[in-house]
Amino acid sequence: NAGVTQTPKFQVLKTGQSMTLQCAQDMNHEYMSWYRQDPGMGLRLIHYSVGAGITDQGEVPNGYNVSRSTTEDFPLRLLSAAPSQTSVYFCASTRFGKETQYFGPGTRLLVL
Amino acid sequence: AQSVTQLDSHVSVSEGTPVLLRCNYSSSYSPSLFWYVQHPNKGLQLLLKYTSAATLVKGINGFEAEFKKSETSFHLTKPSAHMSDAAEYFCVVSDHRNAGNMLTFGGGTRLMVKP
């Protein structure tokens, strides 16, 4: 199993540009989520999904969109990047009834 | 609502001395509690978890944590620090309102180990 994979590892954007952060898992996990990590604030939940076709907002959803068309993939879209979205983004997944979440390696995003 | 407070943003110890990373939580439900470790430029690795079984939880790399409900604490300890323990540590709480177990992270504690 590859586990949770994320692409790209690093990205630089200009303000106003759009992009999609990719996340995939091969463990057949129902639950997937996106977090952003900022210094001194731990990880904060952006969006999550409890299964294909179902998504919901987390703590800091503004400026981000998600969709879940398959069990394996959970992309995160930035429609119009802002410098405040400079952060490290982590994707995670888990099975229902299991409490351990598996994290991807992260995507480091810099918005100029 | 649930929340996590890590009482120290930075902890510095000498190699071979004990490690104590402090964590307090609040939760309206019976929580599960975790400690994750993040080495520089790496992802998050689960160290240990408490899920309402034994209150003293043993994890990987010699770490352990004790769940104290009366004190709402879940402090992480290790008897003897190793240079490889230098990393950032996150205390995490999860309640069971959501089938996928939404996580709430503390702000993190950066552990530095001096030779």
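Structural data are supplied above this passage.
A brief look at the structure comes next. Here the structure is a predicted model, which means the values were calculated and not measured.

Looking at the largest pocket, its volume works out to about 580 Å³. Secondary-structure elements contributing two or more residues to the lining of the largest pocket are β9 (87–94) and β11 (107–111) of chain A together with β10 (87–94) of chain B. Its residues assigned to classes, the lining of the largest pocket comprises 10 nonpolar, 14 polar and 6 charged. Roughly 210 Å³ of internal volume is contained in the second largest pocket. In terms of lining, the second largest pocket is formed by 13 residues, of which the most central are L45(A), E59(A), M102(B), L103(B) and T104(B). Only β5 (43–51) of chain A together with β11 (103–105) of chain B provide two or more residues apiece to the lining of the second largest pocket. Class assignment for the residues of the lining of the second largest pocket results in 6 nonpolar, 4 polar and 3 charged.

Let's shift gears to the environment of Y25(B). Residue and element names in this part refer to chain B. Its location among the elements puts Y25 in strand β4 (residues 23–26). Residue Y25 is classed as buried on the basis of its relative accessible area of 9%. Between the C-alpha atom of Y25 and that of G106, which follows or precedes it by 81 residues, the distance is 8.8 Å. Beyond its immediate stretch of four places on either side in the chain, Y25 contacts S3, V4, P31, L33, F67, K69, T72 and S73.

Turning next to the pattern of salt bridges. Overall, the coordinates contain 7 salt bridges over all chains when judged by the stated rule. The salt bridge partner of R95(A) is E30(A), with a shortest N-O separation of 3.2 Å. Residue R95(A) is located in the loop between β9 and β10 (102–103), and its partner E30(A) is located in the loop between β3 (19–25) and β4 (31–37); the two are separated by 65 residues in the primary sequence. On the accessibility criterion, R95(A) (37% relative accessible area) is partly exposed. The salt bridge involving K58(B) is made with E64(B); its shortest N-O contact spans 2.8 Å. On the basis of relative accessibility, which here comes to 63%, the residue K58(B) falls in the exposed class. You can call E64(B) partly exposed: its relative accessible area is 23%. Residues participating in the shared-partner salt-bridge network are R36(A), D38(A) and R44(A).

Definitions and limits used
Residues numbered from 1 in each chain as written. Chains lettered and ligands numbered in written order. Predicted model: local features only at pLDDT ≥ 70, side-chain atom pairs only at ≥ 80, totals over all residues. Heavy atoms only, no water. 1 Å grid on protein atoms, 1.4 Å probe; cavity = no way out; pocket = protein on both sides within 12 Å on 5 of 7 lines; lining within 4 Å. Points joined across faces, edges and corners; volume = space filled by probe spheres on them. Helix = DSSP H or I, 4+ residues; strand = E, 2+ residues; numbered from the N terminus. Nonpolar A, V, L, I, M, F, W, Y, C, P; charged D, E, K, R; others polar. Buried < 20%, exposed > 50% of the residue type's maximum accessible area, 1.4 Å probe, protein only. Contact = heavy atoms within 4.5 Å. Salt bridge = Lys/Arg side-chain N within 4 Å of Asp/Glu carboxyl O.

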